[in-house]
Amino acid sequence: MSVLLYAIAEQGPRRIGGTGVGERPLREIAQDGLVAVVSDHERPPHTLAPAHVRAYESALERAMARGAMLPARFGSVLADDPAVNAMLADRRGELAARLEAVRGAVELSVRAFARAPAAGPHASGTEYIRARLEERRRAAAAARALRPLDALAREVCEHDAAGDSLVRRSYLVDAARIEGFAARVAQLGDELPELDLVCTGPWPPFSFAGAPRP
Amino acid sequence: VSGARTLYASERARVRTTRNVTLVDLLDRLLGGGVVVHGHVTLAAADIDLVDVDIALLVAATDELFTA
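Summary of the structure given here. Numbering of residues starts from 1 in each chain and follows the order in which that chain's sequence is written. Both sets of labels track the order of writing: A upward for chains, 1 upward for ligands. With pLDDT at 70 or above as the cut-off, local features in this predicted model cover only qualifying residues; side-chain atom pairs require 80 or more to be listed or tallied, and sums for whole chains, interfaces and linings still use all residues. Processing note: side-chain calculations cover all non-hydrogen atoms of the structure and skip hydrogens and water entirely.

Broken down by element type, chain B carries 4 helices and 1 strand. We count a stretch as a helix when DSSP gives it H or I for four or more residues in a row; a strand needs E for two or more, and each element gets its number in order from the N terminus. Secondary structure of chain B in N-to-C order comes out as β-α-α-α-α. A separation of at least 24 residues holds for 60% of the contacts in chain B among residues at least 6 apart in sequence. Working definition of accessibility: Shrake-Rupley area with a 1.4 Å probe, residue cover restricted to the visible protein chains. Per element, the accessible surface of chain B, about 3,500 Å² overall, is 52% carbon and sulfur. The contact criterion used throughout is that any non-hydrogen atoms of two residues lie within 4.5 Å.

Here you go:
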């Protein structure tokens, strides 16, 4: 039997109920004021099956409704309860500090896409280099354009640009300021005709579960 | 997906990507974020760098997330 980890939270009067992946009951393993939200599995799931993803996400939503929490990376499996207790004890300082940092906040995601189509195949090396430079210039400009959002967030996490997005960022935002943040993104969207912006959330604080980057 | 949704999308982005972006944002976070328990992530897909995965493939594989 092994233990699938969903989230780390603070020990509290409200227990997390219901089931998780594979309809296994959720339970808490407590250690010195922290709890790990887990379910028990003979064979832990090892695929991204939609039902698993949905069950996992639903468990995180319930954990989030209960109070400050740090989601675990999907697929985190520990051998048994003592292994979970040891992990909570070893990392207590770091986990408690991050729980404090995310209390009352959610993660919002913002992506910026270039509205002009990306350049097609390149006739020459020079043209390729020129296109790459142009892409970097656009990404830097998009990053600058999004800077007003920083003031609305407790912390900002810059992700590597992915796919056709120029900029991909996560913001740790007070739960009470979600609408204000989305409205500011909309305003930027109007002000920046060269960019398409997409804002999603509220997510559990996936990008803020570890120590902030220096 | 229960809580998270698209809060804002520029008009043109709305047409082409919003549904996909919400899904990819979720999968990015599940596989690339969160507390990491070193040496214990057993999921086969855990090492996949989602930035390289074609969005259309992801959507085809996980479309039922949004239809259920």
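What follows concerns the nonpolar core. Grouping buried Ala, Val, Leu, Ile, Met, Phe, Trp, Tyr and Cys residues that are joined through side-chain atoms within 4.5 Å yields what is termed a nonpolar core. The classification of residues rests on relative accessible area computed with a 1.4 Å probe and restricted to protein chains. Under 20% of the type maximum is buried, over 50% is exposed, and intermediate values are partly exposed. Core analysis: the largest hydrophobic core is formed by 75 residues, its most contacted members being Leu5, Tyr6, Ile8, Leu146 and Phe181 of chain A. Leaving out residues up to four positions away in the same chain, Leu146 of chain A has contacts with Val110, Ala112, Val167, Arg169, Tyr171, Leu188 and Leu197 of chain A.

Residue and element names in this part refer to chain A. Two rings from Phe, Tyr or Trp (for Trp, the six-membered ring) form a pair when their centres sit within 6.5 Å of each other. Planes less than 30 degrees apart are called stacked, planes more than 60 degrees apart edge-to-face, and all others tilted. Using the criterion set out here, one finds 3 aromatic pairs over all chains in the structure. A ring pair is formed by Tyr6 and Tyr56, whose centres lie 5.1 Å apart and whose planes are at 25 degrees; its orientation type is stacked. Of this pair, Tyr6 sits in strand S1 (residues 2–10) while Tyr56 sits in helix H1 (residues 50–66), and the two are 50 residues apart along the sequence. Overall, the relative accessible area of 1% leaves Tyr6 in the buried class. Taking the relative accessible area as the measure of exposure, Tyr56 reaches 0% and is therefore buried. When the centroid spacing of 4.8 Å and the interplanar angle of 85 degrees are considered together, the rings of Tyr56 and Phe74 count as edge-to-face.

Once that is clear, we can look at the pairing of strand S3 (residues 34–41) of chain A. Residues and elements named next belong to chain A. Among the 8 residues of S3, 7 are classified as buried, and the element is accordingly described as predominantly covered. By the convention used here, strands pair only if DSSP detects at least 2 bridges between them. Pairing geometry for S1 and S3, over 8 bridges, is antiparallel. Bridged to Ala7 within S3 is Val37. Pairing analysis gives 5 bridges linking strand S2 (residues 27–31) to S3, with the strands arranged antiparallel. Bridging across to S3, Arg27 finds its partner in Val38. Between S2 and S3, which follow one another and run antiparallel, lie 2 residues, and Asp32 among them has a positive phi close to 55 degrees.

Pairing between the strands of a sheet comes from backbone hydrogen bonds, and it takes one of two forms, parallel or antiparallel. In space, the 5 strands of this open sheet follow the order S7(A)-S8(A)-S6(A)-S9(A)-S1(B), with antiparallel pairing throughout. Across the chains shown, the open sheet's two edge strands, defined by having one partner strand only, are strand S7 (155–159) of chain A together with strand S1 (5–9) of chain B. Averaged over all neighbouring strand pairs, the angle between strand axes comes to 20 degrees, with direction disregarded. Summarising the sheet, S7 of chain A and strand S8 (residues 165–174) of chain A pair through 5 bridges and their orientation is antiparallel. Counterpart to Glu158 of chain A in the pairing with S8 of chain A is Arg169 of chain A. The axes used here are C-alpha line fits, helices contributing only the stretch in contact, and every angle between their N-to-C directions lies in the interval 0 to 180 degrees.

Residue and element names in this part refer to chain A. Mapped onto the fold, His41 is located in strand S3. On the accessibility criterion, His41 (5% relative accessible area) is buried. Engagement of the side chain of His41 in a polar contact is seen with the side chain of Ser39, the distance being 2.7 Å. Here a polar contact means two N or O atoms within 3.5 Å. Within protein one must be a hydrogen donor candidate and the other an acceptor candidate, and residues neighboring in sequence count only if both atoms are side-chain atoms.

Attention shifts here to the pattern of salt bridges. The term salt bridge refers to a side-chain nitrogen of Lys or Arg lying within 4 Å of a carboxyl oxygen of Asp or Glu. As enumerated under the stated definition, the model contains 19 salt bridges over all chains in all. With a shortest N-O distance of 2.9 Å, Arg98 of chain A and Glu155 of chain A are connected by a salt bridge. Of the two residues, Arg98 of chain A is situated in helix H3 (residues 92–102) and Glu155 of chain A in strand S7; the sequence distance between them amounts to 57 residues. Judged on exposure class, the residue Arg98 of chain A and its partner Glu155 of chain A are both buried. Of the charged contacts in the structure, one is a salt bridge between Glu158 of chain A and Arg169 of chain A, with a shortest N-O distance of 2.9 Å. Linking Glu158 of chain A in strand S7 with Arg169 of chain A in strand S8, this pair joins segments that are 11 residues apart in sequence. Residue Glu158 of chain A is classed as partly exposed on the basis of its relative accessible area, which comes to 37%. Residue Arg169 of chain A is classed as buried on the basis of its relative accessible area of 9%. Shared partners join several salt bridges into a network, and the residues in it are Glu107, Arg111 and Arg168 of chain A together with Asp25, Asp28 and Arg29 of chain B.

By themselves, these figures tell us nothing about what the structure is for.
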